[in-house]
Amino acid sequence: MSHNKYLISFIFVFLFSSKIFAGGGWPQPKGHGYFKLFQWWVVADQHFTDNGKIDPNVTNGIFNTGIYGEYGFTKRITGIAYVPFYSRAYFNNLVSGTTGELIDPGEAINSFGDSKIGIKYGLTLNKPIALSATLRFGLPLGNAAGGTGGRLQTGDGEFNQLLQIDAGAGYKLGKLNAYANIYAGFNNRTNGFSDEFHYGFETGTNLFKNKLTAIVRLYGIKSLKNGTLSGEVNSTSIFANNSEHLTFSPELAFNVNKKWGFSATYATALYGRIIFANPSYSVGVFVNI
Amino acid sequence: MKNNLLLLFAILSLFSACIGDDFIDDEIDERLVVNNIIDSLQVGSTFLFETTFFNNVGQIEQRTINWMSTNEDVLSINENGLATALAAGNTSLIANTVLDDNSTLEVDFPLVVTEEEVVIEEPEFEERSGVIQTTTFYTLEGDFVLREETDQLVLEIAENYQASSSLPGLYIYLTNNPNTTNGALEIGRVNIFSGAHSYIIPDVDINAYSHILYFCKPFNVKVGDGEIQ
C-alpha cells in the first residue's frame, strides 16, 4: 500500500470511528452514517462589543439538546442535518445589590431551535486531497423574539444558505496518523441579516489504539455588514446581526467500540464582535452505522 | 437505551439552565432637595418650603426633615418647613435628616428678610444641561439640554452626539440613579446614532430627575449616562 493510500485508509477509519462535524472534505460512504445526540450550551455574563472589547451583561444561557447526523446516499452525496429539538434560552434575575429588591425578573423560553440541513458532494474520491462542496440551509425553526419585549431567542428568524468548500488531507504526526481540513464558505442570509464569510481549520489524530480521538479546531465568521444595523434588532447572544468571531475549540472523543462513543468539546472565542464572550461546551453520544 | 439517553439530556438541560440572580451595584449617595428655594421674604409673611429625599438607590422616600434658622430673631421655621419672617435681616435656613448610619444629610441656603414687598413669582421655564458619557466600551458621547416647555420637557441632544449603532435595543431614560432603570422613566428607544435630535417628554417636572441614562435592554446593562446639571 502506498503512503498516500495508507493515509486515505486511515482517514476513513478515523472518520468512521470518531466522526467530526460535517466530515471535512470526506463524504460518508454510501449506506453509512454518523449520528450524535448532543447537548451544547453557553452561559455568558459578558460579550464582545462592536470594537472587540469585553463588556458585562446580565447572565444569559442557551442550551441546545439535539441530533446531528450524516448519511451517505451515494459515494459522493452525503446528507447532513443539525436538529436541536429542545432549545432553552434564559436570562437571570437582576437584583439590587443594595436593597435585595428584584429589579428585572429573569425569564426563560423553551422551543425547537434553529436547524440546518444540507448536502455534501464529494468532488474528489480516493485522492490525497479530499475536496467537497456543501450546500446547507439554515431553517428558522427557533423562536426569534421570545419573552417580554422579545429579549430571548432560540433562533435568528431568518432562512440562510451556506455554500462551503472543504479540503482535507492525511499526514503523519510523528508516529501518529493525523488529518487536517480547511474550509471556506459564503452564507447568504435573509430578513435583514448581513451575509457572512465562514472559514476554519481543524486537525486531529487517534490515540491509545484508536480509543481516544483528539481534535483541535480554529474557525470563524466574518460579517459582510451589508444588512440591518445591529441596533435596529433585538437579537443578542449568538443570534445578533453583524456578529463575528474567531474560535478555538479542542474536542476529545472516547470510542467505546467501533460503533459507539462519546465526546466532549470546549470552545472559546479568541476574537469577537457583538457575541457572547464566555466559553461554550458540548457533550454527546455518537453512533456509526 | 435511546429513551434513557433522551431523558438524561432533558434532565441535564433543565437542571443546568435554571434562572439565577445577578446583583448590580446600585448604591448611590442620598440626596435631600429643597424644591422651592427663595432668596427673600417680606417681614410678616410666611412661606412653606418643600423637600424631597432620595434614598441610597435613588428612590423618593418619606423622611423626617429637621428645619433650623441660624437667626431666629429674623426668621423662624417649624418642623413642617413653614417659615415666618419676623424682622429685617439675614439668615440661613438649614434642612437636615438623619440617615440610617446616623450621619446627617444637610442642605442650607441664605435668605434675606426685608421690609419691602417681595413678590414670589412662578419660576420661568427652566433649562438644564449636561454631558453624555459612555460607561462601557461602546461609543456614546455628546452634550444635551433639558428644556422646559408648557406641559412638557424637551431633551435636545447636540450635534456632537455619537452612539454605537451596534447595541441591540438601546434605550434612553430619565433617572435618579444612573446605575439602574429601577424607578426610571423610559423616554424611548434610540434610533438616531449621530447628530442633533430631540425627545418630547410630557408631564414631567424638570427637576424630577438627576440623570439621563442609556441602557441596553436585551443585554440588561447600562451603556452610559449624563448628569443633568
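In this convention, every chain numbers its residues from 1, walking through the sequence in written order. Chain letters start at A and ligand numbers start at 1, both assigned in the order the entries are written. It should be noted that, the model being predicted, local features are given only for residues of pLDDT at least 70 and side-chain atom pairs only at 80 or more, the latter also being counted only at that level, while totals for whole chains, interfaces and linings use all residues. The side-chain figures draw on all heavy atoms in the structure; neither hydrogens nor water molecules are used.

## Looking at the interface of chain A and chain B
The contact definition used throughout considers only heavy atoms, calling two residues in contact when any of these lie within 4.5 Å. In this complex, chain A contributes 51 residues to the contact, which on the side of chain B involves 37 residues. Two parts placed together each lose some accessible area; with a 1.4 Å probe, that loss summed over both constitutes the buried area. Summed over both partners, the interface of chain A with chain B comes to about 4,000 Å²; 59% of that surface belongs to carbon and sulfur atoms. What counts as a salt bridge is simple: a side-chain nitrogen of Lys or Arg found within 4 Å of a carboxyl oxygen of Asp or Glu. Summed over the shared surface of chain A and chain B, the number is 0 salt bridges. As used in this structure description, the phrase polar contact means that two N or O atoms lie within 3.5 Å; if the pair is within protein, one of them must be able to donate a hydrogen and the other to accept it, and residues adjacent in sequence are counted only when both atoms belong to side chains. Where chain A touches chain B, the interface holds 21 residue pairs in polar contact (both at pLDDT 80 or more).

## Comments concerning the side chain of threonine 205 of chain A
Residues and elements named next belong to chain A. Tracing the backbone through its elements, the reader meets threonine 205 in strand S11 (residues 196–207). Three labels apply to residues, based on accessible area from a 1.4 Å probe with only protein chains included: buried if under 20% of the type maximum, exposed if over 50%, partly exposed otherwise in between. Residue threonine 205 is classed as buried on the basis of its relative accessible area, which comes to 7%. A distance of 2.7 Å separates the side chain of threonine 205 from the backbone oxygen of asparagine 177, its partner in a polar contact. In this text, helices come from DSSP runs of H or I with a minimum length of four residues, and strands from runs of E with a minimum of two, each type numbered from the N-terminal end.

## Some remarks on the nonpolar core
Core analysis: the largest hydrophobic core is formed by 52 residues, its most contacted members being Leu155, Ile212 and Tyr214 of chain B. No other element matches the 5 residues that strand S1 (residues 33–48) of chain A contributes to this core. With near-sequence residues (within four places) excluded, leucine 155 of chain B lies in contact with Phe144, Val145, Leu146, Ile172, Ile187, His197, Ser198, Tyr199, Ile201 and Ile212 of chain B. Residues belong to one nonpolar core when they are buried, are Ala, Val, Leu, Ile, Met, Phe, Trp, Tyr or Cys, and are joined through side-chain atoms within 4.5 Å. With 22 residues, the next largest nonpolar core counts Phe53, Ala95, Leu105 and Val107 of chain B among its residues.

## Considering the environment of alanine 277 of chain A
Residues and elements named next belong to chain A. Relative to the helices and strands, alanine 277 is located in the loop between strand S15 (275–276) and strand S16 (280–288). Distance from alanine 277 to alanine 180, taken between C-alpha atoms, is 27 Å for residues 97 residues apart in sequence. Residues within four places of alanine 277 in sequence aside, it is in contact with Gln46, His47, Phe48 and Ile54.

## Focus: the environment of aspartate 101 of chain B
All names here are of chain B. Assignment of secondary structure puts aspartate 101 in the loop between strand S9 (89–98) and strand S10 (104–114). Since its relative accessible area comes to 57%, aspartate 101 is described here as exposed. Separated by 30 residues in sequence, aspartate 101 and valine 131 place their C-alpha atoms 33 Å apart. Of note is the side chain of aspartate 101, whose polar atom sits 2.5 Å from the side chain of serine 103.

## Comments concerning the environment of leucine 32 of chain B
All names here are of chain B. Structurally, leucine 32 is set in strand S2 (residues 31–34). With 49 residues separating them along the chain, leucine 32 and glycine 81 place their C-alpha atoms 14 Å apart. When neighbours within four sequence positions are excluded, leucine 32 is seen to be in contact with Thr51, Thr52, Phe53, Ile65, Ala95, Asn96, Thr97, Leu105 and Val107.

## Looking at the sheet that holds strand S5 (residues 102–104) of chain A
Strand order across the open sheet formed by 3 strands is S5(A)-S4(A)-S1(B), with mixed pairing between neighbours. Two strands in the sheet have a free side with no partner beyond their single neighbour: S5 of chain A together with strand S1 (21–24) of chain B. Adjacent strand axes in the sheet meet at a mean angle of 40° when their direction is disregarded. Criterion used throughout: strands pair if DSSP finds at least two bridges between them. Pairing between strand S4 (residues 93–96) of chain A and S1 of chain B: 4 bridges, direction parallel. Across the sheet, residue serine 96 of chain A finds its bridge partner in S1 of chain B, namely isoleucine 24 of chain B. Simply put, an axis is a line fit to the C-alpha atoms, just over the touching stretch for a helix, and the angle between two N-to-C directions goes from 0 to 180 degrees.

## Comments concerning the pattern of salt bridges
Residues and elements named next belong to chain A. One pass over the structure, following the stated rule, counts 16 salt bridges over all chains. The residue aspartate 104 makes a salt bridge to arginine 151 at a minimum N-O spacing of 2.8 Å. You can see aspartate 104 sitting in strand S5 and its partner arginine 151 sitting in the loop between strand S8 (130–139) and strand S9 (160–173), a full 47 residues away along the chain. Arginine 151 matches aspartate 104 in its accessibility class, with the two residues each being buried. Glutamate 196 is the salt-bridge partner of arginine 189, the closest N and O atoms lying 2.9 Å from each other.

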